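Residue strings, one per chain:
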Amino acid sequence: LEMDAASRTGVDDMRELIEGVRYRPTSARYKVYIIDEVHMLSKSAFNALLKTLEEPPEHVKFIFATTEIRKVPVTVLSRCQRFDLRRVEVDVLATYFNELATKEGATVDDTAIQLIARAADGSVRDGLSLLDQAISHTTDSGDTITEDQIREMLGLADRSQSFDTFDALMKGDAAAALDVFAAQYTSGADPAQIIEDLLGVTHWLTRLKVSPAVADDVAVPEIERVRGKQLSSDLGMAAVTRAWQMLLKGLTEVRHAPSAVQAAEMVLVRLAYAAELPAPAEMVKMLRSGDAGSGGGQQSTGGSGSAPPETSVATAAPPSAALSSAPPS
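This text gives an overview of the structure that appears in the document. Because the structure is a prediction, the values reported are computed rather than measured.

1. So, the overall build of the protein chain
Summing up its helical and strand segments, the protein chain has 16 helices and five strands in all. For the protein chain, the proportion of its 329 residues judged to be buried stands at 31%. Counting contacts in the protein chain only where the partners sit at least 6 residues apart, residues at least 24 apart contribute 72% of the total. Summing over all exposed atoms, the protein chain offers an accessible surface of approximately 20,600 Å²; the carbon and sulfur share of this is 54%.

2. Here's the deal with the sheet that holds strand β1 (residues 2-4)
Pairing within the open sheet is parallel, and its three strands lie in the order β1-β2-β3. Bordering the open sheet on either side are β1 and β3 (60-65), each of which pairs with just one other strand. Geometrically, the sheet is characterised by an average inter-axis angle of 20° between neighbouring strands, direction not taken into account. As judged from the six bridges shared by strand β2 (residues 31-36) and β3, these two strands associate in the parallel manner. By the bridge assignment, I34 is partnered in β3 with I63.

3. Structural notes on helix α7 (residues 147-154)
Residues spaced three or four apart along an α-helix face the same direction, because each turn holds 3.6 residues. Listed in full, the buried residues belonging to α7 are I150, R151 and M153. The buried residues of α7 occupy one face: seen down the axis, they fall within an arc of 160°. Exposed positions of α7 whose direction lies more than 90 degrees from the buried face are D148 and E152. Close packing links the buried residues of α7 with α5 (110-120), α6 (124-137), β5 (144-145) and α8 (159-170).

4. A word on the pattern of salt bridges
Counted according to the given criterion, the structure contains twelve salt bridges. Close ionic contact of D12 with R15 constitutes a salt bridge, the shortest N to O distance being 3.8 Å. Of this pair, D12 and R15 both sit in helix α1 (residues 11-21), three residues apart, roughly one helical turn. A salt bridge links R270 to E253, with the shortest nitrogen-to-oxygen separation between them at 3.0 Å. One end of the pair, R270, is in helix α13 (residues 260-274); the other, E253, is in helix α12 (residues 237-256), and 17 residues separate them in sequence. Through salt bridges that share partners, K249, E253 and R270 make up one connected network.

5. Observations concerning unusual backbone geometry
Although it is not a glycine, E37 adopts a positive phi angle of roughly 55°. With respect to the element layout, E37 can be found in the loop between β2 and α2 (43-54). Positive phi, normally seen in glycine, also occurs at D121, with a value near 55°. In this structure, D121 sits in the loop between α5 and α6. Judged by its relative accessible area of 47%, D121 falls in the partly exposed class.

6. Here's the deal with the packing of α5 against α6
Their axes nearest at 8 Å, the elements α5 and α6 cross at an angle of 140°. The angle between the axes of α5 and α6 places the two elements in the oblique class. The crossing of α5 and α6 is right-handed. Of the residues in α6, those in contact with I116, A119 and A120 of α5 are D126, G127, L130, L131 and A134.

7. Remarks on the nonpolar core
In this structure, F166, L169 and I195 are the most contacted members of the largest nonpolar core, which totals 33 residues. Only α8, α9 (174-186), α10 (191-210), α12 and α13 provide two or more residues apiece to this core. The greatest single-element share of this core, amounting to nine residues, is contributed by α10. If you look at the next biggest cluster of nonpolar residues, it comprises 19 residues, including M3, V38, F46 and V72.

8. Thoughts on the packing of aromatic side chains
If you walk through the whole model with that rule in mind, you get three aromatic pairs. Measuring from ring centre to ring centre gives 6.0 Å for Y96 and F97, while their planes differ by 45°; the resulting arrangement is tilted. Members of the aromatic cluster, connected to one another through ring pairs, are Y33, F62 and F64.

9. Looking at the side chain of K31
Here K31 is to be found in strand β2. E19 is the oppositely charged side chain nearest to the buried, salt-bridge-free K31, at an N-O distance of 11 Å. In terms of polar contacts, K31 uses its side chain to reach the backbone carbonyl oxygen of Y23, at 2.8 Å. Sequence-distant contacts of K31, defined by excluding residues within four places in its chain, comprise L1, G20, Y23, R24, P25, H59, V60 and K61.

What counts, and where the lines are drawn
- Residues numbered from 1 in each chain as written.
- Predicted model: local features only at pLDDT ≥ 70, side-chain atom pairs only at ≥ 80, totals over all residues.
- Heavy atoms only, no water.
- Helix = DSSP H or I, 4+ residues; strand = E, 2+ residues; numbered from the N terminus.
- Buried < 20%, exposed > 50% of the residue type's maximum accessible area, 1.4 Å probe, protein only.
- Contact = heavy atoms within 4.5 Å.
- Areas by Shrake-Rupley, 256 points an atom, 1.4 Å probe, with all protein chains shown as cover.
- Pairing = 2+ DSSP bridges.
- Axes fitted to C-alpha atoms, helices over the stretch in contact; angles between N-to-C directions.
- Arc of directions from axis to C-beta.
- Salt bridge = Lys/Arg side-chain N within 4 Å of Asp/Glu carboxyl O.
- Parallel < 35°, antiparallel > 145°, perpendicular 65-115°, else oblique.
- Left-handed = near helix turned anticlockwise from the far one by under 90°.
- Core = buried A, V, L, I, M, F, W, Y, C linked by side-chain atoms within 4.5 Å.
- Phe/Tyr/Trp six-rings, centres within 6.5 Å; stacked < 30°, edge-to-face > 60°.
- Lys, Arg positive; Asp, Glu negative; His and termini not counted.
- Polar contact = N/O pair within 3.5 Å; in protein donor to acceptor, adjacent residues only side chain to side chain.

Right under this line is the structure:
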C-alpha cells in the first residue's frame, strides 16, 4: 500500500492508515505501507503515528522514503532502521539509459547519453525524465538523438567552447572570451549555465593536476582528456584555484543580478584581468625581497654605531614606556 505524504499530510489521513494496520493481510505474509516524501507529514500526523511505530503489529512493515532526512522528527528516526541510498554512478546510469532507449526504439548517441547521465546527478528518476523528454523531442522515431539536441534541451554550452573560453581567460584575452560567450548565448545557452560549465572545467583541471590517472578513464570524453591535459600542464595550481573562487562568487552574482548576461560578462572580464596578476606565493616573495632591500638600506645609512636593534625600537616608544623602563632613583 503506497501513500504520498506530499498530498496527504493531515492527521486524518494518518488515522485512516492506522485503522487499516489492525487487519491482517488477506493474500500475503506482510502488509507493507510505503510512505513517500514522509518529511511532508505534519507534526500532528507524526505524533499520531508514533505509537504504532513503537509497537507495530507483527504482520505490518513500514517503509518511509524521503530526500529531506533532517525534516523527519528524531522520535520517528529513533524507531526506524535507516538506509542511505547512494547516488548512482554516471557510467551505470548511461548503460541503463542506453538499454531503455533501445527498448523504446530510439537511437541516442553515446555522448548524448553521457550528457543525460551527468545531468541526472546520480538520480535515476531525474535521468528517466530527461531521457523521456529527449525521445519526445525527436521528430521521427528513426532519427538519432544527438549531443547538440541534448545540449539545446538542457541549455548547456558546447564543451569545446567552454574549454576555449577558459583558455582565453587564462591567457588574459578578455575580448576572445567575450566573443565565445556571445556565440554561446546566441545559440541559446543560459549565462548561469555557462559559468557552471567553466566551474566544471576548473574542477576537471584540478583533478588532473592532483591525480593525472583520472584522464585514462574510458568514461571521460575525448575532448576533456585532450584539452584537459594541455591546460593542466600549462597552468599552475594557484591559477586554477583562484579561477574556481572567482567563478564560484561570480555564479552567485549572475543568479541574482538584474541582467544575467551583463553579470556573466563582468565575471569573465575580472577573471581575464586577474590572470595577469602574480600568484599569491610570488607576491609574498616580492614583498619579502622588497622588505629585505629596504632593511639593508637603513642599516647602511644609520652609521657604524654598535647599538643593538632593540634601542631603535625603544626610541619609538611613548614617554610612559621610557619612564617605566628607567631604574628608580
